[in-house]
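Chain and residue survey
Take a look at the letters that make up each chain.
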Number of protein chains: 2
Amino acid sequence: MDFFQEQAVTSSDKAFFRLRKEIVEGVIPSSTKLSETELSTKYQVSRAVVREAINRLEACNIVERKANVGARVVSLSPEGLIELYQVRESLEGMAARLAAQHMTAQEITELNALLNSQSDEVKNAELYYQEAGDLDFHYRIILGSKNSHLISMLVNGLYHLVRMYRVQLGMAGPRVTSAFDEHKHIVQAISNRDPELAEMLMRRHITYSKNNIEAKLQNSL
Amino acid sequence: MDFFQEQAVTSSDKAFFRLRKEIVEGVIPSSTKLSETELSTKYQVSRAVVREAINRLEACNIVERKANVGARVVSLSPEGLIELYQVRESLEGMAARLAAQHMTAQEITELNALLNSQSDEVKNAELYYQEAGDLDFHYRIILGSKNSHLISMLVNGLYHLVRMYRVQLGMAGPRVTSAFDEHKHIVQAISNRDPELAEMLMRRHITYSKNNIEAKLQNSL
DNA sequence: ATAAACAAGATTGTCGACAATCTTGCGGTG
DNA sequence: CACCGCAAGATTGTCGACAATCTTGTTTAT
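In the nomenclature of an unreviewed UniProt entry, chain A corresponds to GntR family transcriptional regulator from the organism Pseudoalteromonas caenipelagi.

Aligned on chain A, chain B shows an RMSD of 0.0 Å; the corresponding rotation is 180 degrees and the shift along the axis is 0.0 Å. Taken together, the rotation and translation relating the two chain copies correspond to the operation of a two-fold axis. Both copies share a contact surface, since 100% of the interface residues of chain B are interface residues in chain A too.

This part takes up the environment of B:Val24. Residue and element names in this part refer to chain B. Position of Val 24 among the secondary structure elements: in helix 1 (residues 11-24). Overall, Val 24 belongs to the buried group, its relative accessible area being 2%. With 135 residues separating them in the primary sequence, Val 24 and Tyr 159 have C-alpha atoms 10 Å apart. Apart from the residues within four sequence positions on either side, Val 24 is in contact with His 160, Arg 163, Met 164, Val 167 and Gln 168.

Glancing now at the interface of chain B and chain A. By convention, interface size is frequently given as the accessible area that disappears when the constituent parts associate. In this complex, chain B contributes 31 residues to the contact, which on the side of chain A involves 31 residues. Between chain B and chain A, roughly 2300 Å² of surface is buried when both sides are summed, and carbon and sulfur atoms account for 54% of that area. The largest per-residue losses of area from chain B upon contact with chain A belong to B:Glu83, B:His149 and B:Met153, which jointly make up 22% of the total buried on that side. Partitioned by chemical class, the residues of the side of chain B that touches chain A number 12 nonpolar, 11 polar and 8 charged.

Looking now at helix 9 (residues 195-219) of chain B. Along its 25 residues, helix 9 of chain B runs 36 Å from first to last C-alpha, staying within 8% of the 36 Å computed at 1.5 Å per residue. Residues B:Pro195, B:Ala198, B:Glu199, B:Met202, B:Arg203, B:His205, B:Ile206, B:Ser209, B:Lys210, B:Ile213 and B:Leu217 constitute the buried set of helix 9 of chain B.

Residues and elements named next belong to chain A. When its domains are assigned, chain A resolves into domain 1 (11-73) and domain 2 (78-219). Distance from the C-alpha centre of domain 1 to the C-alpha centre of domain 2: 29 Å. Approximately 770 Å² of surface area, both sides summed, lies buried where domain 1 meets domain 2, with 61% of it carried by carbon and sulfur atoms. Summed over the three residues of domain 1 that lose the most area to domain 2, namely Arg 20, Val 24 and Cys 60, the buried surface amounts to 52% of that side. Between the two partners, domain 1 and domain 2, sit 1 salt bridge. Note that Arg 163 and Glu 25 form a salt bridge whose closest N and O atoms lie 3.4 Å from each other. Inspection of the domain 1/domain 2 interface yields 3 residue pairs in polar contact (both at pLDDT 80 or more).

Another aspect to go through is the packing of aromatic side chains. Any aromatic ring pair is given by two values, namely how distant the centres are and how the planes are angled relative to each other. Scanning all chains against the criterion turns up 4 aromatic pairs over all chains. Ring centres 5.5 Å apart and planes at 45 degrees place the aromatic pair A:Phe16 and A:Phe17 in the tilted group. The exposure classification of A:Phe16 matches that of A:Phe17, with both residues buried. In this structure, B:Arg88 packs its charged tip against the face of B:Tyr85, placed 5.2 Å from the ring centre.

Per the stated rule, a full pass over the model turns up 0 disulfides over all chains. Note on A:Cys60: no disulfide assigned, nearest cysteine sulfur contributed by B:Cys60 at a separation of 13 Å.

Time to look at the pairing of strand 3 (residues 70-73) of chain A. Residues and elements named next belong to chain A. Residues of strand 3 alternate between two faces, with Ala 71 and Val 73 buried on one and Gly 70 and Arg 72 left unburied on the opposite face. Bridging between strand 1 (residues 33-34) and strand 3 involves 2 bridges; their strand directions are antiparallel. If you follow Leu 34 over to strand 3, its bridge partner there is Ala 71. By the bridge criterion, 4 bridges tie strand 2 (residues 63-66) to strand 3 in an arrangement that is antiparallel. When the bridges of strand 3 are listed, Arg 65 appears paired with Ala 71. The hairpin turn running from strand 2 into strand 3, its antiparallel successor, is 3 residues long, and Asn 68 in that turn takes a positive phi close to 65 degrees.

For the structure on display, the rule yields 34 salt bridges over all chains. Notably, a salt bridge pairs A:Glu22 with A:Arg18, separated by 3.3 Å at the nearest N-O pair. Of the two residues, A:Glu22 and A:Arg18 are both situated in helix 1 (residues 11-24); the distance of 4 residues between them amounts to about one turn of the helix. For B:Glu196, the salt bridge is made with B:Arg97, and the minimal N-O distance between the two is 3.5 Å. Taken together, the residues span a long stretch of sequence, with B:Glu196 in helix 9 and B:Arg97 in helix 4 (residues 78-102) at a distance of 99 residues. In the salt-bridge network here, residues are joined through shared partners; they are A:Glu36, A:Arg47, A:Arg51, A:Arg65 and B:Glu52.

How each quantity is defined
- Residues numbered from 1 in each chain as written.
- Chains lettered and ligands numbered in written order.
- Predicted model: local features only at pLDDT ≥ 70, side-chain atom pairs only at ≥ 80, totals over all residues.
- Heavy atoms only, no water.
- Least-squares fit on C-alpha atoms with pLDDT ≥ 70 in both.
- Contact = heavy atoms within 4.5 Å.
- Helix = DSSP H or I, 4+ residues; strand = E, 2+ residues; numbered from the N terminus.
- Buried < 20%, exposed > 50% of the residue type's maximum accessible area, 1.4 Å probe, protein only.
- Buried area = accessible area lost by both parts, 1.4 Å probe.
- Nonpolar A, V, L, I, M, F, W, Y, C, P; charged D, E, K, R; others polar.
- Expected span 1.5 Å × (residues − 1).
- Domains from an automatic or database assignment.
- Salt bridge = Lys/Arg side-chain N within 4 Å of Asp/Glu carboxyl O.
- Polar contact = N/O pair within 3.5 Å; in protein donor to acceptor, adjacent residues only side chain to side chain.
- Phe/Tyr/Trp six-rings, centres within 6.5 Å; stacked < 30°, edge-to-face > 60°.
- Lys NZ or Arg CZ within 6 Å of the ring centre and 35° of its normal.
- Disulfide = S-S within 2.5 Å.
- Pairing = 2+ DSSP bridges.

Dropping the structure here:
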């Protein structure tokens, strides 16, 4: 299930994962100032490891830092979410294109199997699908691109930010069955080794999600 | 000329910029092991600032690091360069699309002016163009997208890697006049506020570059 | 009363030392 | 002779203390 369960080897790793989790899940609210000394006492580690963790969070665009002033959690805005989805559309579209070229026959078979198992869940209205299943689908295609830069940008960077928005703005929306059909068509294009179509369908799929979210944001104003 | 001349405020900044420069320009060859103690004596700073600099280089994908083992400069490969250009095609294509929507009238005017001034240079065969002028053009469009994630990924990340490849594999190739015409058409699409076409032309432009580079790599084998 | 200048406090940046881990070469054992 | 284990050396990871910078509240001069 969890593809890349990144495992912590050093203290900084642990601090980084913990901090990221707390920020993404809103335990530490957005726009909060991150005090190095405060966190080091809270986590029972030295300031150096907290510092390194914060630096890594900055590289993920989860916190912003000013020299001699400090770091604070990024503030979420509707515009920021739109920007995020524009980048997603671009990168995941390319991922789908490359996946159609580079995925192995076995990987494609497994992807189809995943979709079939999810098909039952969708019929039975187990909306377990939305969170984990959607992620699983997108991850497989990203990894299937076999492009390490693409993978790194999406998996280590964007996806945590997207999740942060999802959690904190309460976007666990529906769009389940329609999204599922879109997934099916994307896999079909990949199975047919049709890069052009795969990219186009993936871009549309993400654009639809973006529009759906924009509509929700409108309503909540 | 230099758009974002990032200015160093802390010692770590200086160490980071210096290290990046030396790596990109090949003074420190690719695949070199980076010893923290060695660099700290060489740069006359503490190990902590070297450490932080190396961490930042890791975030840029310029060095790879293993826990408890150390960091080494990434190794360049033809496949790596291709992957880089695939990501560039994706991101800069989106940048051109967004630039067509979001650039101000003044920015577009300035972009046209830049092209006109370069037009003379191309005619006079001052191939000053290739390096700085090409960069200038692409940077303006990236910044014109007004998408901070896109800008950050390209300016802080990919472009230094691309330059590293260019310098070390000796890719100061021609393709001057034809690339210039492609630039002209892209700007025209942006002037017409045609996002679709701007993206398509930018993607083609980068694909051509990629093909050109691939051909050179073939020859040098 | 407003604004500039200063001082006290707190926070980040940098440093050198110690602890934990990995690498390397030697010696023992099958 | 090959392989495993172990010890010495070197390298990275972590720590607490000091230095440099920013923030804040008060004072002072216009």
